[in-house]
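Commentary on secondary and tertiary structure
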Amino acid sequence: MPPLLSVERLNKYFAGLAALKDVSFEVQEGQICGLIGPNGAGKTTLFSIIGGSVSPSSGTIRYSGKDVTRWKSFQAVRAGVARTHQITRPFREMTARQNVEVGLHFGRGPVSRSPSNEVTAILEGVGLGHVAGRNAASLCVGDQRRLELARTLAAKPKLLLCDEVCSGLTETEMNEVLELLRRIRERGTTILYVEHNMRAIMSTCDQVVVLNFGQKLTEGPPLKIQNDPAVIEAYLGRTAAN
Amino acid sequence: MDAADFANLLVSALLLAGIYAAMSVGMTIIYGVMKIVNLAHAGFLMLGAYFVLELYERLNVDPLVGSLLAFPVFLVAGMLVHWLLVKRIPVSDQPTLASLLLMFGLWLVLQNIGYLIWGNSDRSILTPRTLSSLHLGPITIPTVRLTVFIPAVCSLGLLEFVLRRTWYGRGVRALMQNRYAGRLAGIPVEKMARLTFGVGIGFAGAAGGLLAQLYSFSPDFGHGFLLRSFVIIVLGGLESFWGAAAGAMVLALVETFSILVLPAGYQPAIAFSLLVLALVVLPGGIAGIFAKKHRWA
Amino acid sequence: MRAASVQMGRFLNYRVAAWGTTLIALGILPWCGIGPNLTRLLFTALVWVITSVAWNLLGGFTGQVSFGFAVFYGLGAYTAAIGINGGIHPLGAFAIAGLVAAIASIPIGLPTFRLRGPYFAIATIGVSEAVRVVMTNLSFTGGASGYRIAEHGPFRPLEHYYTALGFAAGAIVISAWIYHSKFGLSLQAVREDEEAAADIGVNPLKAKLIVHLLAATLTGIAGGVYARYAAYIHPQGVFAFHTSVAILLMPIIGGAGTVAGPVIGGFVYGLVQEELVAAFPQFHLLLYGALLIVIILFEPRGVVGWLGRLWAFFERTWRKSAATSVG
């Protein structure tokens with residue numbers, strides 16, 4: 001079975017600086033695939049390219065076998081690839097409910113007979129049921145993160161690109177979010193997941209891809225990655241690896 | 001058209017470019033540091049023109065000196081405007097509509113003040129220089145154009161010096177690139193913004209005085225120059241004053257030589273069309289194109 | 001939950017009733033002996049309501065502030081004028097005027113919508129002024145001396161009035177429909193954060209082009225309605241920068257981004273402006289400039305926003321007194 005997502009020899013240069021160099025990997029349908037790497041490794045750039053907001057300098061992206069390298073982000077969403085942002089971008093003067101409505105009506109669809117019930121269900125699923133009527137700008141950061149996730153989920157993605165959904169959350173909140181991700185996967189959504197929190201990665205991911213300085217360092221199941229000296233060196237330096 | 005005509009047109013364009021560059025500097029510096037599109041720039045050009053006119057007609061002050069005097073007067077006025085109005089709107093790294101509309105409102109008010117004080121008839125400044133010309137071989141230059149060009153270029157040179165060699169100038173350039181980082185680096189952003197706004201208005205006033213010696217004016221003066229200033233800023237890109245000079249050159253050349261192909265009535269449309277073209281085709285301005293070339297070298 | 005939706009239902013019905021009453025009132029007014037001068041003022045206000053509502057679709061709902069809507073107003077005016085002189089029935093002429101403006105909106109929008117806010121605003125000034133200069137030099141439309149409409153038959157002010165009222169009502173209905181629709185939601189998203197909107201499935205360029213087309217059509221029709229009434233138009237009037245300014249001032253003063261705001265703005269401007277220009281011609285720019293400054297600094301949501309704050313204040317006071325009287 002062809003992989004749901006295939007990244008082939010992706011390169012991205014910003015004004016002569018290589019943000020991504022020759023990155024290739026695959027994500028199978030139904031997986032939760034983690035993407036890790038130190039800050040500046042190129043993870044968010046990779047997301048932006050897969051999601052369609054940025055186009056690569058060279059390389060190919062395949063989604064369900066089709067070449068989608070140069071698609072625009074709204075085309076990606078309609079096809080089922082949607083992302084959350086590392087720094088949340090809620091529609092500030094719109095209510096939480098309205099934010100989710102946008103995702104619902106302009107995502108992959110289909111929209112049920114009772115969209116407002118669907119929106120309520122999504123909001124309650126991420127724990128925002130009680131603030132549905134409040135302006136997104138008035139929500140605290142943690143709630144804005146949940147709103148970002150809710151809005152993206154409303155678009156019914158087949159491939160969800162999650163960019164650091166756990167940062168800034170408490171231990172309990174993080175567990176809730178991870179549980180949510182697992183449930184989403186059970187319902188058939190594939191997840192590509194950028195995260196710094198190692199515990200989150202280890203406990204949820206089926207496979208992990210490691211980036212460093214824009215290049216793929218290695219990939220494999222979480223346990224293998226955890227003990228790989230090259231990965232440890234990338235994060236903690238040479239002495240820690242030895 | 002023979003070589004002498006061509007040379008004359010070229011010189012004409014060059015002189016015009018210098019003046020256009022000086023005229024747009026005020027808007028450029030305010031936009032660069034504060035990301036505010038100062039539509040009231042036109043209003044201050046107009047007030048500068050009347051300021052110099054009054055000094056000339058009442059006190060017999062030579063318009064060139066008047067323009068020089070306009071700078072500190074308008075600098076203070078600009079700082080006052082900033083303190084009263086501009087500092088009350090939210091600032092950001094991106095130009096905001098609130099600032100655009102605020103400056104537009106201010107322009108309307110300035111225009112009306114102009115009408116109230118000076119009425120709506122056209123005025124002009126006539127000095128002995130206005131009607132005489134210089135002859136350099138085959139080239140004829142109206143004297144007034146030269147006497148306006150020289151202070152314009154000098155003021156640009158002075159500004160460039162200030163920007164490159166003084167503490168204030170370094171701060172301005174830093175803020176133009178990244179306001180937030182500038183704040184972190186310890187630059188007193190609010191005070192800098194106020195002073196820079198003042199400097200921008202100061203240049204507008206002085207430029208208005210210079211322009212008044214070349215064109216007739218009334219309270220809605222500055223309208224056409226506003227768009228021209230913006231064309232220059234956009235053509236020149238934002239970070240570079242050489243770019244602005246290049247932009248002014250392009251505009252001046254196109255305008256001057258267009259007389260050969262277009263009826264005079266269509267001339268104002270040139271700046272407008274060039275503006276739209278520039279905004280769409282050259283988002284980084286001329287300097288942006290050159291910078292790109294550099295990067296791959 | 002049910003109580004809330006019932007309340008909502010009541011609220012919406014209250015709104016529809018308010019609009020309906022206003023419409024009927026405006027419809028009956030000319031028969032109540034208000035005199036030709038007031039009819040003329042109301043007619044002007046209604047034409048401005050059309051342009052305000054139209055501009056607000058693009059500028060208020062979608063956040064793309066255009067300083068060049070006079071180009072559509074002027075194109076509509078000239079198209080309708082030429083059509084009527086050519087023997088076309090006025091309503092047909094208005095339709096063609098709207099169509100021409102609609103078509104013009106595409107080559108204007110395509111290049112300019114790539115630009116961020118203020119750059120877009122300035123580009124629209126450029127476009128509008130370029131067209132004005134061209135029209136001033138074009139001889140077959142009269143150039144700078146303008147263009148006259150020669151219509152047969154007496155001048156019937158009521159016909160003009162009801163035409164304007166009809167189109168204004170239509171514009172308001174379109175505006176309200178968009179406001180409550182999924183399309184309107186996407187416009188709001190584009191206004192809030194265009195890139196995030198794209199990242200969630202909205203095609204920003206398509207949305208902008210569609211709303212621009214609607215706005216241009218309505219504005220073109222308004223220009224046509226005005227042209228027929230005035231029977232004489234010239235580039236220094238219908239294509240002027242100050243016309244673009246008027247078109248944008250009204251919805252901003254009334255309250256950009258709402259349905260009622262541009263209507264309030266249109267009436268305020270139309271009714272007050274005429275009187276103001278007659279009584280204090282030397283102050284009118286000052287007043288508008290000062291008003292704009294005050295609005296930007298203190299109440300960016302215009303009259304509607306101010307009324308909203310007033311209402312919230314009264315609601316709080318009423319609730320406080322109700323609470324104390326219960327306790």
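The present account deals with the structure reproduced in this document. (Residues numbered from 1 in each chain as written. Chains lettered and ligands numbered in written order. Predicted model: local features only at pLDDT ≥ 70, side-chain atom pairs only at ≥ 80, totals over all residues. Heavy atoms only, no water.)

**What about the environment of Tyr232(C)?**
Residue and element names in this part refer to chain C.
- Mapping tyrosine 232 onto the fold places it in strand β2 (residues 232-233).
- Residues tyrosine 232 and tryptophan 55, 177 residues apart in the sequence, show an inter-C-alpha distance of 24 Å.
- Excluding residues within four positions of it along the chain, tyrosine 232 makes contact with Ser145, Gly146, Tyr147, Arg148 and Ala227. (Helix = DSSP H or I, 4+ residues; strand = E, 2+ residues; numbered from the N terminus. Contact = heavy atoms within 4.5 Å.)

**Points about the interface of chain C and chain B**
- Contacts between the two partners involve 38 residues from chain C, matched on the other side by 40 residues from chain B.
- Considering only the surface of chain C that becomes buried against chain B, Tyr119(C), Ile122(C) and Leu285(C) emerge as the three largest contributors, covering 18% of it.
- The interface formed by chain C and chain B holds 0 salt bridges in total.
- Applying the counting rule to chain C against chain B returns 2 residue pairs in polar contact (both at pLDDT 80 or more).
- Contributing elements (two or more residues each) for the side of chain C that touches chain B: α5 (117-137), α11 (241-254) and α13 (284-298) of chain C.
- Counting residues per element, the side of chain C that touches chain B draws most heavily on α5(C), which supplies 14 residues.
- A per-class count over the side of chain C that touches chain B returns 28 nonpolar, 7 polar and 3 charged. (Buried area = accessible area lost by both parts, 1.4 Å probe. Salt bridge = Lys/Arg side-chain N within 4 Å of Asp/Glu carboxyl O. Polar contact = N/O pair within 3.5 Å; in protein donor to acceptor, adjacent residues only side chain to side chain. Nonpolar A, V, L, I, M, F, W, Y, C, P; charged D, E, K, R; others polar.)

**As for the interface of chain C and chain A**
- Taken together, the contacts link 18 residues of chain C with 22 residues of chain A.
- Taking both sides of the interface into account, the surface hidden between chain C and chain A amounts to around 1800 Å²; carbon and sulfur atoms contribute 60%.
- Ranking the residues of chain C by area buried against chain A places Leu185(C), Asp199(C) and Ile200(C) at the top, with a combined share of 37%.
- Where chain C meets chain A, there are 3 salt bridges.
- One can count 10 residue pairs in polar contact (both at pLDDT 80 or more) joining chain C with chain A.
- Every element with two or more residues in the side of chain C that touches chain A is listed here: α7 (182-192) and α8 (194-198) of chain C.
- Element by element, the count of residues in the side of chain C that touches chain A is highest for α7(C), at 6 residues.
- By residue class, the composition of the side of chain C that touches chain A is 8 nonpolar, 4 polar and 6 charged.

**Considering the sheet that holds strand β10 (residues 215-220) of chain A**
Residues and elements named next belong to chain A.
- Ordered in space as β6-β7-β8-β3-β9-β10, the 6 strands form an open sheet in which the pairing is mixed. Strands with a single pairing partner mark the edges of an open sheet, and in this sheet they are β6 (81-83) and β10. Strand-to-strand, the axes of this sheet are offset by a mean angle of 15°, without reference to chain direction.
- The sheet contact formed by β6 and strand β7 (residues 159-163) spans 3 bridges and is parallel. Bridging from a neighbouring strand, valine 81 pairs with leucine 159 of β7.
- Most of the contacts of helix α6 (residues 171-186) go to strand β8 (residues 190-194), to which it runs at about 150°, and overall it touches β3 (32-36), β7 and β8. (Pairing = 2+ DSSP bridges. Axes fitted to C-alpha atoms, helices over the stretch in contact; angles between N-to-C directions.)

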